[in-house]
Protein chains: 2
Amino acid sequence: MTQPLRVALAGLGTVGGGVVKLLDANAKLIERRAGRPIEVVAVSARDRSRDRGVDLSRFEWVDDAGSLGHRDDVDVVVELIGGADGPALTLARSTLASGKAFVTANKAMIAHHGLELAEAAEVKGAALKFEAAVAGGIPVIKGLREGASANEIGRVYGILNGTCNYILTTMESAGTDFADVLADAQALGYAEADPSFDIDGVDAAHKLSILASLAFGTTLDFGNVAISGIRHVIAADIAEAAALGFRVRLVGLAEATSNGLFQRVHACLVPVSHPLAHVSGSLNAVVAEGNFVGRLFFEGRGAGEGPTASAVVADLIDVARGEYGPALAMPVASLARLAPSVAGERRGRAYLRFTVADRPGVLAEITAAMRDAGVSIESLIQRGASADGGVILVMVTHEGPEKAVTHALEKLEGSLSLIGAPQLMHILDL
Amino acid sequence: MTQPLRVALAGLGTVGGGVVKLLDANAKLIERRAGRPIEVVAVSARDRSRDRGVDLSRFEWVDDAGSLGHRDDVDVVVELIGGADGPALTLARSTLASGKAFVTANKAMIAHHGLELAEAAEVKGAALKFEAAVAGGIPVIKGLREGASANEIGRVYGILNGTCNYILTTMESAGTDFADVLADAQALGYAEADPSFDIDGVDAAHKLSILASLAFGTTLDFGNVAISGIRHVIAADIAEAAALGFRVRLVGLAEATSNGLFQRVHACLVPVSHPLAHVSGSLNAVVAEGNFVGRLFFEGRGAGEGPTASAVVADLIDVARGEYGPALAMPVASLARLAPSVAGERRGRAYLRFTVADRPGVLAEITAAMRDAGVSIESLIQRGASADGGVILVMVTHEGPEKAVTHALEKLEGSLSLIGAPQLMHILDL
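Nothing here was measured: the structure is a model prediction, and the numbers come from that model. (Residues numbered from 1 in each chain as written. Chains lettered and ligands numbered in written order. Predicted model: local features only at pLDDT ≥ 70, side-chain atom pairs only at ≥ 80, totals over all residues.)

Enquirer: Would you mind going over the relation of the copies chain A and chain B with me for this structure?
Expert: The operation relating the pair of chain copies consists of a rotation about an axis and a translation along that axis. For the pair chain A and chain B, the superposition axis carries a translation of 0.0 Å, the fit reaches an RMSD of 0.0 Å, and the rotation angle comes to 180°. The superposition operator between the copies reduces to a two-fold rotation axis. A shared binding surface is used by both copies, with 100% of the interface residues of chain A retained as interface residues in chain B. (Least-squares fit on C-alpha atoms with pLDDT ≥ 70 in both. Contact = placed C-beta atoms within 7 Å.)

Right, dumping it as structure tokens:
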């Protein structure tokens with residue numbers, strides 16, 4: 001099998017350029033590992049003239065990316081265009097319909113259309129691979145699909161967005177507030193000009209829905225991920241969490257429960273003894289809990305040119321080796337359709353932060369609301385006055401139904417004791 | 001493909017029993033993931049009467065394990081007998097010669113005979129898989145062979161022996177000495193009655209040589225792993241290391257350098273900022289550093305019934321799916337034969353502990369020996385008297401050639417200032 005694997009590359013942004021650089025730099029090693037050379041034969045991108053730091057003149061430039069999937073001289077199409085729909089989806093459909101392999105880093109497309117594409121690949125016996133779509137260079141798709149395949153997985157969760165983790169851990173080390181760190185991150189190019197996709201949790205939710213499908217053998221259900229981001233996290237939250245033995249992380253968490261499939265992206269308090277508490281900067285990490293293997297922890301770089309290219313080319317090597325099978329770890333017909341599990345059914349501990357008016361009776365009002373809703377308080381901290389004149393009151397509840405906490409907060413809605421809305425973060429328990 | 005994958009199981013100790021339990025407990029899920037049922041058809045073990053906590057009466061019992069590889073009703077043999085040679089090796093050879101798949105957890109056999117077996121598998125196009133041989137349930141063989149396959153790996157290293165890590169981290173938390181913790185570990189069943197294989201580093205070295213082959217695309221070279229264990233680590237080492245910002249871990253480290261292949265198992269000082277410093281108890285962890293992906297970190301349970309069975313069955317699922325290729329990630333003919341790199345060529349920092357007589361001039365003598373050998377001292381701690389009447393003197397060197405430190409210690413050999421031999425631990429640098 002010394003026929004080269006012939007690759008068409010659609011999209012030549014940071015990752016596309018990285019794939020070309022990687023295939024150049026490690027060509028000999030890749031040929032030994034793949035059993036044959038991996039060669040780019042055609043590329044397609046909007047802007048031909050842009051300098052990508054790599055010689056692209058040797059490849060055939062194709063204007064219509066959509067045509068790449070039909071070419072006789074192409075074995076596999078790599079899609080790095082992005083976007084859940086549009087040209088990326090058109091290309092995925094036409095490539096798989098031609099029975100060719102399709103490799104992508106497109107988490108939004110897999111989250112929204114993964115089931116359809118997995119089925120299309122299955123019909124033709126074609127490879128559909130997307131290691132780069134979740135946690136960049138960390139081989140966590142493979143870790144779940146193959147490494148942990150013998151296990152019933154109870155929970156899968158992790159830090160799935162490097163921008164958020166960079167912001168939270170910088171707030172932690174510098175003691176600064178969200179807006180300042182975000183502005184710095186944008187200036188440094190670590191955050192997008194429009195950062196909402198990252199900081200509001202949507203990107204992490206795309207990835208979580210993919211992990212959940214692989215972990216639990218269920219259909220993808222991005223629509224039922226409960227999503228919130230990190231805009232509401234203030235420096236005081238991080239400081240008080242630290243005082244209580246926690247660090248704040250944006251955690252995507254999925255559980256298969258008797259009530260169905262629970263999926264949530266949420267800023268959480270993580271105990272310092274948990275490995276996720278030590279994931280800093282823009283790193284990503286994923287934990288899977290299996291009924292025989294116990295807790296598996298994967299950490300690495302979740303984005304950027306090199307790590308993402310590493311995952312894309314690993315997929316190409318699998319394709320070159322012929323080592324691939326059903327994209328979602330089992331035939332689509334075997335995937336279970338679990339009803340979404342409502343958060344209220346869950347039990348856990350919660351962190352609550354209130355900004356309150358500095359006058360008598362406030363503490364009594366809040367603690368009474370907690371008592372009436374059946375929420376038991378484990379610890380409570382009240383310290384000095386905040387910038388807006390109020391006093392910050394922070395508490396951690398004992399384990400109990402999440403809906404009890406929601407209920408208590410509803411009771412307090414409109415209370416004149418509160419300045420602004422209370423903030424709730426769940427606690428990730430071991 | 002609904003034909004079951006028919007398994008013969010040789011060896012029914014803890015892991016063998018675990019494999020049967022796992023195949024029972026997760027049967028439906030495994031069938032969905034593997035695309036077909038995985039069924040044990042025959043078993044072989046020394047003692048038929050032993051209660052293994054699982055019903056074995058439904059399987060055919062075979063006295064001669066060696067015959068399993070020839071049976072027409074068997075697709076794959078799982079070897080859990082152990083031992084580098086003897087019946088395990090005989091079974092491996094006969095199974096692969098029959099063109100059947102062979103799955104093993106036997107690190108000693110792969111370390112010693114992996115090349116021969118990989119070649120035998122290649123000739124017949126048979127699967128040879130050994131995920132359970134390294135780091136138990138952590139899919140690190142797959143992580144290197146496939147997940148990081150696009151990368152040139154510079155270093156691969158990790159905590160590869162749970163018994164040693166349990167002892168070291170218990171010494172750390174309890175402040176006790178090696179012998180006491182070992183005795184407790186033996187009483188609790190965490191350490192073998194004869195623990196030398198674990199605590200002298202041989203087990204970790206077997207695993208390291210396998211990781212090195214996969215990481216660097218080199219032939220297995222267990223014979224050139226420099227091996228030492230943890231018997232010499234005393235409570236004071238751990239306390240002084242902590243004072244200097246380090247934790248003590250038994251680290252297996254392999255590097256592909258311009259001088260050749262460097263492989264060493266050694267008690268090391270790990271900076272607290274490094275993820276290996278947070279690996280506690282009997283957990284294992286592996287780090288691979290790739291030229292595109294950066295640092296990948298894998299952590300999980302490295303031994304025991306459940307985690308090891310998880311890895312064995314993951315291999316069976318790969319075999320059932322037909323997703324396998326060359327055992328050592330590339331054809332044996334493509335593996336490079338690197339000369340062993342001698343430790344003296346390396347540069348690094350070192351930790352040295354001297355027990356010295358409490359009299360004038362001792363410090364001058366030791367520091368002069370360091371100066372004469374060209375070793376520069378970064379920090380030095382001398383505290384009180386030790387149990388044997390001497391004074392403990394601890395130092396950390398600046399980065400420099402390892403051979404300079406060796407040279408300095410040679411100069412001090414036979415010095416009347418020293419009580420007992422000095423102890424050296426290398427520092428794992430980021």
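Enquirer: Sorry, what's going on with the environment of Arg36 of chain A here?
Expert: All names here are of chain A. With respect to the helices, strands and loops of the structure, Arg36 is situated in the loop between helix 2 (27-34) and strand 2 (38-44). Residue Arg36 is classed as partly exposed on the basis of its 17 C-beta neighbours within 10 Å. Note: C-alpha distance between Arg36 and Pro4 (32 residues apart in sequence) is 5.5 Å. (Helix = DSSP H or I, 4+ residues; strand = E, 2+ residues; numbered from the N terminus. Buried ≥ 20, exposed ≤ 12 C-beta atoms within 10 Å, placed from the backbone.)

Enquirer: Please explain the sheet that holds strand 2 of chain A as it appears in this structure.
Expert: Hydrogen bonding along the main chain pairs the strands of a sheet, whether they run parallel or antiparallel. Residues and elements named next belong to chain A. Taken together, the six strands give an open sheet; going across it, the order is 3-2-1-4-5-6, and neighbouring strands pair in parallel fashion. Looking at strand neighbours, the two that pair on one side only are strand 3 (60-61) and strand 6 (128-129), the edges of this open sheet. Bridge analysis of strand 4 (residues 76-79) against strand 5 (residues 101-104) gives four bridges, and the strand direction is parallel. Paired with Val77 across the strands is Phe102, a residue of strand 5. (Pairing = 2+ DSSP bridges.)

Enquirer: What exactly am I supposed to notice about the packing of helix 5 (residues 140-147) of chain B against helix 9 (residues 202-216) of chain B here?
Expert: For any two helices packed against each other, one specifies the crossing angle of their axes together with the interaxial distance. Residues and elements named next belong to chain B. Relative orientation of the contacting elements helix 5 and helix 9 amounts to 15°, with a least axis distance of 8 Å. Viewed along their axes, helix 5 and helix 9 adopt a mutual orientation that is roughly parallel. For the pair helix 5 and helix 9, the crossing hand works out as left-handed. On the side of helix 5, the interface is formed by Ile141, Leu144 and Arg145, while helix 9 contributes Leu211, Leu214 and Ala215. Grouping the amino acids of the contact of helix 5 with helix 9 by side-chain chemistry returns five nonpolar, no polar and one charged. (Axes fitted to C-alpha atoms, helices over the stretch in contact; angles between N-to-C directions. Parallel < 35°, antiparallel > 145°, perpendicular 65-115°, else oblique. Left-handed = near helix turned anticlockwise from the far one by under 90°. Nonpolar A, V, L, I, M, F, W, Y, C, P; charged D, E, K, R; others polar.)

Enquirer: Help me out: how do you make sense of helix 10 (residues 235-243) of chain B in this one?
Expert: Side chains that are three or four residues apart share a direction in an α-helix, a result of its 3.6 residues per turn. Regarding helix 10 of chain B, the residues found buried are Ala236, Asp237, Ile238, Glu240 and Ala241 of chain B. The inward-facing, buried residues of helix 10 of chain B abut helix 6 (162-174), strand 9 (246-257), strand 10 (260-271), strand 14 (350-356), strand 15 (377-385) and strand 16 (391-397) of chain B.

Enquirer: What should I look at first to understand the domain arrangement of chain A in this one?
Expert: When the parts of a complex come together, some accessible area is lost, and that lost area is often taken as the interface size. Domains assigned within chain A are domain 1 (5-137 + 308-328), domain 2 (140-301) and domain 3 (345-427). Taking the mean C-alpha position of each, domain 1 of chain A and domain 3 of chain A sit 50 Å from one another. (Domains from an automatic or database assignment.)

Enquirer: What is the right way to read the confidence of the model for chain A from this model?
Expert: One rule of thumb: low pLDDT means the predicted coordinates there are not for detailed reading. Averaged over every residue, the pLDDT of chain A is 95; the share at 70 or more is 99%. Across the assembled chains, the prediction reports ipTM 0.96 with pTM 0.96. (pLDDT = per-residue confidence, 0-100.)

Enquirer: What is the right way to read the sheet that holds strand 6 (residues 128-129) of chain B from this model?
Expert: Residues and elements named next belong to chain B. Across the sheet, which stays open at both edges, the six strands sit in the order 3-2-1-4-5-6 with parallel pairing between neighbours. The sheet terminates laterally at strand 3 (60-61) and strand 6, the two strands that pair on one side only. Bridge count between strand 5 (residues 101-104) and strand 6: two bridges; the pairing is parallel. Paired with Phe102 across the bridge in strand 6 is Leu128. Strands strand 1 (5-10), strand 4 (76-79), strand 5 and strand 6 of the sheet are contacted by helix 3 (residues 86-97), whose axis makes an angle of about 165° with strand 4. Against the sheet, helix 11 (residues 305-321) makes contact with strand 1, strand 2 (38-44), strand 4, strand 5 and strand 6, and its axis sits at roughly 165° relative to strand 5, the strand it touches most.

Enquirer: What should I look at first to understand the interface of chain A and chain B in this one?
Expert: With 47 residues of chain A in contact, the opposing surface of chain B contributes 47 residues. Counting only elements with at least two residues in the side of chain A that touches chain B, the list comes to helix 2, helix 5 (140-147), strand 12 (294-301) and helix 11 (305-321) of chain A. Within the side of chain A that touches chain B, the residues separate by chemical class into 21 nonpolar, 15 polar and eleven charged. As paired elements, strand 12 of chain A and strand 12 (residues 294-301) of chain B share three bridges and run antiparallel to each other. From the neighbouring strand, Glu299 of chain A faces strand 12 of chain B, where its bridge partner is Phe297 of chain B.

Enquirer: Even after reading the chapter, I still don't get the packing of helix 1 (residues 14-25) of chain A against helix 11 of chain A, so can you show me in this structure?
Expert: All names here are of chain A. Axis separation between helix 1 and helix 11 bottoms out at 8 Å; the angle between their running directions is 65°. Taken together, helix 1 and helix 11 sit at an angle that is classed as roughly perpendicular. The element helix 1 and its partner helix 11 pack so that their crossing is right-handed. Residues Thr14, Val15, Gly17, Gly18, Val19, Leu22 and Leu23 of helix 1 pack against Glu305, Gly306, Thr308, Ala309, Ser310, Val312 and Val313 of helix 11. Looking at the contact of helix 1 with helix 11, its residues break down into seven nonpolar, six polar and one charged.

Enquirer: Just to check I follow, could you spell out unusual backbone geometry for this structure?
Expert: Residues other than glycine predominantly adopt negative phi, and peptide bonds predominantly adopt the trans conformation. Residue and element names in this part refer to chain A. Here the phi dihedral of Ala329 falls at roughly 75°; this positive angle occurs in a residue that is not glycine. Along the chain, Ala329 turns up in the loop between helix 11 and strand 13 (347-348). Given 25 C-beta atoms within a 10 Å radius, Ala329 is considered buried.

Enquirer: Even after reading the chapter, I still don't get helix 9 (residues 202-216) of chain A, so can you show me in this structure?
Expert: The end-to-end C-alpha separation of helix 9 of chain A is 21 Å, in line with the 21 Å expected for 15 residues at 1.5 Å each. Gly217 of chain A sits one or two positions beyond helix 9 of chain A and adopts a positive phi of about 70°. (Expected span 1.5 Å × (residues − 1).)

Enquirer: Before we go on, may I ask you to explain the pairing of strand 12 of chain B in this structure?
Expert: For a regular strand, the rule is simple: side chains alternate between the two faces of the sheet. Residues and elements named next belong to chain B. Within strand 12, six of the eight residues are buried, leaving the element largely enclosed by the surrounding structure. The pairing of strand 11 (residues 283-290) with strand 12 spans eight bridges and is classified as antiparallel. Note that in strand 12 the partner of Ala285 across the bridge is Glu299. Hairpin connection, strand 11 to strand 12: the antiparallel pair is bridged by three residues.

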